[in-house]
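Observations on the three-dimensional arrangement
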Amino acid sequence: MTIPYDTNYDPAAPVLSAALSSVVRQRPQVRFSALIDTGADMTAVPHTAINRLRLYAVGQIEVEGIHAQVAMVDIYTVRLSITDLLVREIEVVPTELPFVILGRDWLEPYCLLLNGPENSFQLSETPLL
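Summarised in this report is the structure supplied together with it. Computed from a predicted structure; not experimentally measured.

Quick look at the sheet that holds strand E10 (residues 120-124)
With antiparallel pairing, the three strands of this open sheet are ordered in space as E1-E10-E9. Two strands lie at the open edges of the sheet, namely strand E1 (2-4) and strand E9 (111-115), each paired on one side alone. If you compare each strand with its neighbour and ignore which way they point, the axes differ by 25° on average. In the sheet, E9 pairs with E10 via five bridges, with the strands oriented antiparallel. When the sheet's bridge partners are listed, Leu114 is paired in E10 with Phe121.

Shown next, in the form of structure tokens:
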């Protein structure tokens, strides 16, 4: 499946629609834009999603942010669904950004092909040729 880059970002970026829910309670479900970030180790979700879903921290981890600041942050487990891809439970960290950051932990089982000249990308569970 070929997906156009989201031109609301400058430069345009690979973005999907994400549905988040608690692993304990199926409802409610919240939706956010989700930026694919191959430079992020972990997936991050907005604080607002954590609050709306009433998630409980399952641990802590030391992270280094984009401004090279190191801090201890809580880890949460969420059920994450992206378009037609399988629903997965994944550990996430909070972000102040208003969108989900899909890190390499989420991307690991998928094949990603970024096509900058055509401002599009492909994401698949099988190799892309």
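Some remarks on the nonpolar core
Leu16, Leu20, Leu80, Ile82, Val100, Leu102 and Trp106 are the most contacted members of the largest nonpolar core, which has 28 residues in total. Listing elements by their share of this core, those giving two or more residues are strand E2 (15-22), strand E3 (29-36), helix H1 (47-53), strand E6 (70-82), strand E7 (88-95), strand E8 (100-102), helix H2 (104-107) and E10. What Leu16 contacts, discounting residues up to four positions off in sequence, is Ile3, Phe32, Ser33, Ala34, Ile36, Ile82, Thr83, Leu102, Trp106, Phe121 and Leu123. Counting nine residues, the second largest nonpolar core, distinct from the first, contains Val15, Ala40, Ala44 and Ile101.

The rules we used
- Residues numbered from 1 in each chain as written.
- Predicted model: local features only at pLDDT ≥ 70, side-chain atom pairs only at ≥ 80, totals over all residues.
- Heavy atoms only, no water.
- Pairing = 2+ DSSP bridges.
- Helix = DSSP H or I, 4+ residues; strand = E, 2+ residues; numbered from the N terminus.
- Axes fitted to C-alpha atoms, helices over the stretch in contact; angles between N-to-C directions.
- Core = buried A, V, L, I, M, F, W, Y, C linked by side-chain atoms within 4.5 Å.
- Buried < 20%, exposed > 50% of the residue type's maximum accessible area, 1.4 Å probe, protein only.
- Contact = heavy atoms within 4.5 Å.

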